[in-house]
Amino acid sequence: MRRAFTLVELVISLAIIAVMIALILPAIRGTVLSSRSFKCQMAQRSVAFSFSIFADESLGVDRGRFQTGTQTFSLINFIDSQYQIGEFWDYPGSTQIDMPDANGNDPLRCPDVAGSVRLISGRNCHRGGVVPAENVSFGFNMRLHVTESTTNPSESGTQPVRLSSAILGQSMTPLLWDVDGALAAARNLPPLLSTPSFVTDTEFATDRYWFPGNRHGGKANFTFIDGHVKETALPLEQSDWQWHFVPATNLP
């Protein structure tokens, strides 16, 4: 005759199972977080690789309006080329498209950011070509787009910069990173360009453009011009990161 489980044995068995689940769940959660962070890093590395090709004028990549008669380019043009908007619109017959598109293309996406982004033709990335701001995953180094005015430190204002292949030698200069699109939207700013202020009384003051997205276990991924990625919650405390690098403003 088979002996049935007693109530005490059943309670002990359930307690053991509960302890095992409690021990396993953090490991599973950690694995999921690591997997998402890794996918985010791979997406950022892909963008950095595309940047290295875009920056090398010898490769003859389409740079939009900077294509003819110049060896320099704008960071905005590169970002537009990645989203395929502005001069690089790649959806004939459509005035807007949601990403991921019908072919699953969504290169500038962190898996921890929910919701799609909408691309709008006739606009660039800095003028409403990518919406809503809350769903934007990555931001680019604003100091590679404009530099604060140096003619009068007390005045607010920026000067546009152009980039050349020389930028590829700045291996420790951050190129892009995880951003908090919702925080940028709350400040009524486009999230695609970001930078910390450091000590400044001009355009970048009070960290108004600084909104990193620490969504990977309290950390964010930062990708550098040479393509390597660092994950940290303290990006401004890294002594070898070239946050202060400013490209030339007088290139042809």
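Everything numeric in this text was worked out from a predicted model, so none of it was measured.

A. Spatial organisation of the pattern of salt bridges. With the rule as written, the count across this model stands at four salt bridges. For Glu 57, the salt bridge goes to Arg 63, with nearest N and O atoms at 3.9 Å. Note that Arg 215 is salt-bridged to Asp 178, the shortest N-O span being 3.0 Å. Highlighted residues: Arg 215 in the loop between β8 (193-194) and β9 (220-224) and Asp 178 in strand β7 (residues 174-178), separated in sequence by 37 residues. Neither residue differs from the other here; Arg 215 and Asp 178 are each classed as buried.

B. Broad picture of the sheet that holds strand β4 (residues 138-141). Within the open sheet, the five strands sit side by side as β8-β4-β7-β9-β10. Their pairing is mixed. The outermost strands of the open sheet, each flanked by one partner alone, are β8 and β10 (229-232). Bridge count between β4 and β8: two bridges; the pairing is parallel. Its bridge partner being in β8, Phe 140 is matched across the sheet by Leu 193.

C. Inspection of a nonpolar patch on the surface at higher detail. Taken together, the side chains of Ile 12, Ile 16 and Met 20 present a nonpolar region at the surface, about 290 Å² in accessible area. Overall, Ile 16 belongs to the partly exposed group, its relative accessible area being 47%.

D. Seen up close, the nonpolar core. Among the nonpolar cores identified, the biggest contains 49 residues, and Phe 51, Leu 75, Tyr 83 and Phe 140 are the most heavily contacted of them. Among the elements that make up this core, the one with the highest residue count is helix α1 (residues 7-55) (seven residues).

E. Fine view of the side chain of Thr 223. In this structure, Thr 223 sits in strand β9. Of the residues examined, Thr 223 reaches a relative accessible area of 0% and is grouped as buried. Of note is the side chain of Thr 223, whose polar atom sits 2.6 Å from the side chain of Gln 44. In contact with Thr 223, other than residues within four places in its own chain, are Gln 44, Arg 45, Ala 48, Pro 174, Leu 175, Leu 176, His 228 and Val 229.

F. Up close: the packing of aromatic side chains. For the structure on display, the rule yields 15 aromatic pairs. Ring centres of Trp 89 and Tyr 91 lie 5.3 Å apart, and the angle between their planes is 65°; this geometry places the pair in the edge-to-face category. By the ring-pair criterion, three or more aromatic residues cluster together here, those being Trp 177, Trp 210, Phe 222, Phe 224, Trp 241 and Trp 243.

G. Fine view of the sheet that holds strand β2 (residues 117-120). Pairing is antiparallel in the open sheet, where three strands are placed in the order β1-β2-β3. The sheet is open, and its two edges are formed by β1 (96-99) and β3 (130-131), each paired on a single side. Judged from the two bridges that link them, β2 and β3 form a sheet pairing that is antiparallel. The residue bridging Arg 118 from the neighbouring strand is Val 131, located in β3.

H. Structural context of unusual backbone geometry. Of note, the bond from Met 99 into Pro 100 is cis; its omega dihedral lies within 30 degrees of zero at 5°. In the segment running from Val 131 into Pro 132, the intervening peptide bond is cis, with an omega of -10°. Along the chain, Pro 132 falls in the loop between β3 and β4. In this model, Gln 84 sits at a positive phi of 60°, which is unusual for a non-glycine residue. The residue Gln 84 is located in the loop between α2 (75-83) and β1 in this model.

Parameters at a glance
Residues numbered from 1 in each chain as written. Predicted model: local features only at pLDDT ≥ 70, side-chain atom pairs only at ≥ 80, totals over all residues. Heavy atoms only, no water. Salt bridge = Lys/Arg side-chain N within 4 Å of Asp/Glu carboxyl O. Helix = DSSP H or I, 4+ residues; strand = E, 2+ residues; numbered from the N terminus. Buried < 20%, exposed > 50% of the residue type's maximum accessible area, 1.4 Å probe, protein only. Pairing = 2+ DSSP bridges. Patch = residues over 30% accessible without salt bridge, like charges linked within 9 Å, V, L, I, M, F, W, Y side chains within 5 Å. Areas by Shrake-Rupley, 256 points an atom, 1.4 Å probe, with all protein chains shown as cover. Core = buried A, V, L, I, M, F, W, Y, C linked by side-chain atoms within 4.5 Å. Polar contact = N/O pair within 3.5 Å; in protein donor to acceptor, adjacent residues only side chain to side chain. Contact = heavy atoms within 4.5 Å. Phe/Tyr/Trp six-rings, centres within 6.5 Å; stacked < 30°, edge-to-face > 60°.

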